[in-house]
Amino acid sequence: MDYLLFLGTFFLISVSPGINMILALSFGLSVGWKKSIFLILGQNVAIAILSLICGLGLGFLMIKFPNVFYVFKICGGIYILFLSFKIYRDSGKINLQKVRSNITKKELFSQGFLISFTNPKAWIFIGSLLPKFLGSSHTLSVSLGILIAIIVAVEFCCLNLYALGGAFMKKFVSGRANLINKISAFTIGFLGLIIIFE
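*Asks:* Can you lay out the overall build of the protein chain for me, pointing to particular residues and giving the numbers?
*Replies:* Each helix and strand in the protein chain was counted, giving 10 helices and zero strands. The helix and strand sequence of the protein chain, counted from the amino end, reads α-α-α-α-α-α-α-α-α-α. When burial is assessed residue by residue, the protein chain has 44% of its 198 residues classed as buried. Of the roughly 10,100 Å² of accessible surface on the protein chain, a fraction of 74% belongs to carbon and sulfur atoms.

*Asks:* Describe a nonpolar patch on the surface, naming the residues involved and giving the relevant values.
*Replies:* Taken together, the side chains of Leu41, Val45, Ile49, Phe109 and Phe156 make up a nonpolar region of the molecular surface, amounting to roughly 350 Å² of accessible area. It is helix H3 (residues 33–55) that provides the largest number of residues to the nonpolar patch, a total of three residues. Within the secondary structure, phenylalanine 109 sits in helix H7 (residues 105–117). Phenylalanine 109 gets classed as partly exposed once you look at its relative accessible area, which sits at 31%.

*Asks:* Account for the environment of phenylalanine 117, naming residues and giving values.
*Replies:* For phenylalanine 117, the position within the fold is in helix H7. Given a relative accessible area of 13%, phenylalanine 117 falls into the buried group. Separated by 41 residues in the primary sequence, phenylalanine 117 and glycine 76 place their C-alpha atoms 8.8 Å from one another.

*Asks:* So what's going on with the side chain of serine 36? Residues and values would help.
*Replies:* Along the chain, the position of serine 36 falls in helix H3. Exposure remark for serine 36: the relative accessible area of 0% places this residue in the buried category. In this structure serine 36 touches Ala24, Phe27, Gly28, Val31 and Ala163, once residues within four positions along its chain are discounted.

*Asks:* Could you give an account of the packing of H3 against helix H8 (residues 120–133), naming the residues involved and the relevant values?
*Replies:* Where H3 meets H8, the axes come as close as 9 Å, and the angle between the chain directions of the two elements is 45°. Compared by their axis directions, H3 and H8 come out oblique. At the point where H3 passes H8, the crossing takes the right-handed sense. Residue-level contacts link Ile47, Leu50, Ser51, Ile53, Cys54 and Gly55 of H3 to Ala122, Trp123, Ile126, Gly127 and Leu130 of H8. Class assignment of the residues belonging to the contact of H3 with H8 gives a composition of eight nonpolar, three polar and no charged.

Each value, and the rule that gives it
Residues numbered from 1 in each chain as written. Predicted model: local features only at pLDDT ≥ 70, side-chain atom pairs only at ≥ 80, totals over all residues. Heavy atoms only, no water. Helix = DSSP H or I, 4+ residues; strand = E, 2+ residues; numbered from the N terminus. Buried < 20%, exposed > 50% of the residue type's maximum accessible area, 1.4 Å probe, protein only. Areas by Shrake-Rupley, 256 points an atom, 1.4 Å probe, with all protein chains shown as cover. Patch = residues over 30% accessible without salt bridge, like charges linked within 9 Å, V, L, I, M, F, W, Y side chains within 5 Å. Salt bridge = Lys/Arg side-chain N within 4 Å of Asp/Glu carboxyl O. Contact = heavy atoms within 4.5 Å. Axes fitted to C-alpha atoms, helices over the stretch in contact; angles between N-to-C directions. Parallel < 35°, antiparallel > 145°, perpendicular 65-115°, else oblique. Left-handed = near helix turned anticlockwise from the far one by under 90°. Nonpolar A, V, L, I, M, F, W, Y, C, P; charged D, E, K, R; others polar.

This is the structure we're talking about:
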């Protein structure tokens, strides 16, 4: 089993801009890096569960019976659009300090979880890549555990990189809370549309 090849492959895919990374950037911009950690934790828990499901072969069932996943995906996309609308609607009435304290850690965690778990590209990518690296050099459970640990570690690092980038960008637009919220709302809304129509 070549764990370094898996690490390199997964890193290249993970670091590229996608739904999860854009979301981390957006929340880093709107609520800052420290609060974005809870979003990132939710995303990582979802990716770990998704990886376990795919590693056990159940990801194949999600791909084989797309109607179940389709309904779940549409519900997740609609929820994300609702969040986008809520952020946009509130952007004219709040300041940046209020934005930081307005969203709870639990809400951030659940939003991160939902968006990552309903990301069809994650299911397809992990569902097709993971079985190829489950070798016979270790037992299946050891190999799967190592690969999931690699996935979670790489995702955690990449998501933090994007959230830090958003937090860094926030310094340049400081004092423009409405602009930050509108950018975040449109970005999150765009992600919701991608999830629904993908």
